Amino acid sequence: MKHFTEIENFTFLAYVLGHELEGTTPRPIRTATDLQVPDEEFQNFVNTAKTANVTDEELADSVLDAGINWEHFVASTDNLLLPDHPLKISDVLMQEKIDSLDIITEAFVREINLRSIEKQTGTKAKKGRD
């Protein structure tokens, strides 16, 4: 249950920040540029995101969508947890989906954080993991 709550809080805080930025000019998702995920279906989504231009609110909505799916997959596979690795499940394909949603959500949250820094400072933030 702990992970479920952490995912929910992480996702919702980013969603709120993204909406508070109020940016209406569509911009690229810079943190998706080099993003690779283990699941093919979600990699197709990432490939689309690499060329997309989205407003702050659209990005926030995407964070919420990815986070809700991540949270759902984690909650629905609780019975498959490996005793020696509490963050991994026995279904390898489902684990790839969970890991992919984790990576996507974190990348989108980083982009929201970059946009927030830029709004506060008036300068372009670096893309790296800060």
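Whatever comes next refers back to the structure up there.
Residues numbered from 1 in each chain as written. Predicted model: local features only at pLDDT ≥ 70, side-chain atom pairs only at ≥ 80, totals over all residues. Heavy atoms only, no water.

Q: A description of the nonpolar core should follow, citing residues and the corresponding values.
A: Ranked by internal contacts, the top residues of the largest apolar core, which has 25 residues, are I29, I104, F108 and I112. Put simply, the parts of the chain that give this core at least two residues each are α1 (2-21), α2 (40-51), α3 (56-76) and α4 (92-121). Leaving out residues up to four positions away in the same chain, F108 has contacts with I29, T31, F45, A49, L59, S62 and V63. (Core = buried A, V, L, I, M, F, W, Y, C linked by side-chain atoms within 4.5 Å. Buried < 20%, exposed > 50% of the residue type's maximum accessible area, 1.4 Å probe, protein only. Helix = DSSP H or I, 4+ residues; strand = E, 2+ residues; numbered from the N terminus. Contact = heavy atoms within 4.5 Å.)

Q: Tell me about the packing of aromatic side chains, and name the residues and values.
A: Tallying each qualifying case throughout the model produces three aromatic pairs. A ring pair is formed by F10 and W70, whose centres lie 6.5 Å apart and whose planes are at 90°; its orientation type is edge-to-face. Placement of the pair is F10 in helix α1 and W70 in helix α3, with a sequence separation of 60 residues. Look at F10 and you get partly exposed, because its relative accessible area is 32%. Judged by relative accessible area, W70 falls into the buried class, the value being 9%. (Phe/Tyr/Trp six-rings, centres within 6.5 Å; stacked < 30°, edge-to-face > 60°.)

Q: So what's going on with the side chain of S116? Which residues, and what values?
A: Inspection of the secondary structure assignment puts S116 in helix α4. Residues within four places of S116 in sequence aside, it is in contact with L17 and L21.

Q: Quick one: what's the story with α2, residue by residue and with numbers?
A: Helix length check: α2, at twelve residues, gives a terminal C-alpha distance of 17 Å against a target of 16 Å (1.5 Å per residue), a fit within 8%. All buried positions along α2 are accounted for by F42, Q43, V46 and A49. Take α2 and look down its axis: the buried residues cluster within an arc of 110°, on one side only. Turned more than 90 degrees off the buried face of α2, the exposed positions are E40, T48 and T51. Two or three places before E41, at the start of α2, stands the capping residue D39, its side-chain oxygen 3.2 Å from that residue's backbone nitrogen. (Expected span 1.5 Å × (residues − 1). Arc of directions from axis to C-beta. Polar contact = N/O pair within 3.5 Å; in protein donor to acceptor, adjacent residues only side chain to side chain.)

Q: Give a detailed account of unusual backbone geometry, specifying residues and quantitative values.
A: A positive phi is found at E22, a non-glycine position, where the angle reads about 60°. By relative accessible area, E22 is classed as exposed at 58%.

Q: Quick rundown of the environment of E6? Include the residues and the values.
A: Relative to the helices and strands, E6 resides in helix α1. Once the C-alpha coordinates of E6 and T25 are considered, the two residues, 19 residues apart in sequence, prove to be 31 Å apart.

Q: Can you explain the pattern of salt bridges? Please cite residues and give values.
A: Across all of its chains, the model carries nine salt bridges by this definition. As a salt-bridge pair, E118 and R27 come within 3.0 Å of each other at their nearest N and O atoms. Here E118 is found in helix α4, whereas its partner R27 is found in strand β1 (residues 27-28), with 91 residues between them in sequence. Ionic pairing is found between R30 and E118, a salt bridge with its closest N-O pair at 2.5 Å. In this pair, R30 sits in the loop between β1 and α2 while E118 sits in helix α4, placing the two residues 88 residues apart along the sequence. Judged by its relative accessible area of 15%, R30 is buried. Within the structure, one salt-bridge network assembled from shared partners comprises R27, R30, D56, E111, R115 and E118. (Salt bridge = Lys/Arg side-chain N within 4 Å of Asp/Glu carboxyl O.)

Q: Pulling in residues and values, what's your account of the pairing of strand β4 (residues 85-89)?
A: Remember that side chains alternate between the two faces of the sheet whenever the strand is regular. Relative to β4, strand β3 (residues 81-82) runs antiparallel, the two being bridged by two bridges. Among the inter-strand pairings, L81 is bridged to a residue of β4, identified as I89. Linking β3 back to β4 in an antiparallel pair, the connection comprises two residues. (Pairing = 2+ DSSP bridges.)

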